[in-house]
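Chain by chain, the residues run as shown.
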Amino acid sequence: MERFTNEDVINKVKALNKSYWFASDIKDYLNCSMKKANKIKNLVANKYGVIEENEDDEKQAVSADYVIKVIGGSSRIEELEILHKSMEILGKTR
């Protein structure tokens, strides 16, 4: 079983504190390859669109909440709560 490091947790929290994500944020959050992160970002962009501010830019961002929905979650807030509770549980079992 793969273990999460403190750095993994910090990367997840940093990503969840952003309202929109680039592929690199998705990569950090899911700890996946850039290829997979771009695929997810493109799924979100096709279904929900991209952030207006960088609509014409080469690198486009998508709503972090929509990414969470596409991967099976409900919201960034809920993900932060789950992460916080997990950290508490892990802290008690060490």
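Everything that follows concerns the structure shown earlier in this document.
The rules behind each value
Residues numbered from 1 in each chain as written. Predicted model: local features only at pLDDT ≥ 70, side-chain atom pairs only at ≥ 80, totals over all residues. Heavy atoms only, no water. Phe/Tyr/Trp six-rings, centres within 6.5 Å; stacked < 30°, edge-to-face > 60°. Buried < 20%, exposed > 50% of the residue type's maximum accessible area, 1.4 Å probe, protein only. Helix = DSSP H or I, 4+ residues; strand = E, 2+ residues; numbered from the N terminus. Lys NZ or Arg CZ within 6 Å of the ring centre and 35° of its normal.

So, about the packing of aromatic side chains. All chains considered together, the criterion is met by three aromatic pairs. Geometrically, the ring pair formed by Tyr20 and Phe22 is edge-to-face, given 6.0 Å between the ring centres and 75° between the ring planes. According to the relative accessible area criterion, Phe22 is partly exposed, its value standing at 28%. Judged by centre distance (3.9 Å) and plane angle (5°), the rings of Tyr48 and Tyr66 are stacked. You can see Tyr48 sitting in helix H3 (residues 34–48) and its partner Tyr66 sitting in helix H4 (residues 64–70), a full 18 residues away along the chain. Using a relative accessible area of 33% as the deciding quantity, one classes Tyr48 as partly exposed. Positioned above the aromatic ring of Tyr29 is the side chain of Lys12, whose terminal nitrogen or guanidinium carbon lies 4.7 Å from the ring centre.

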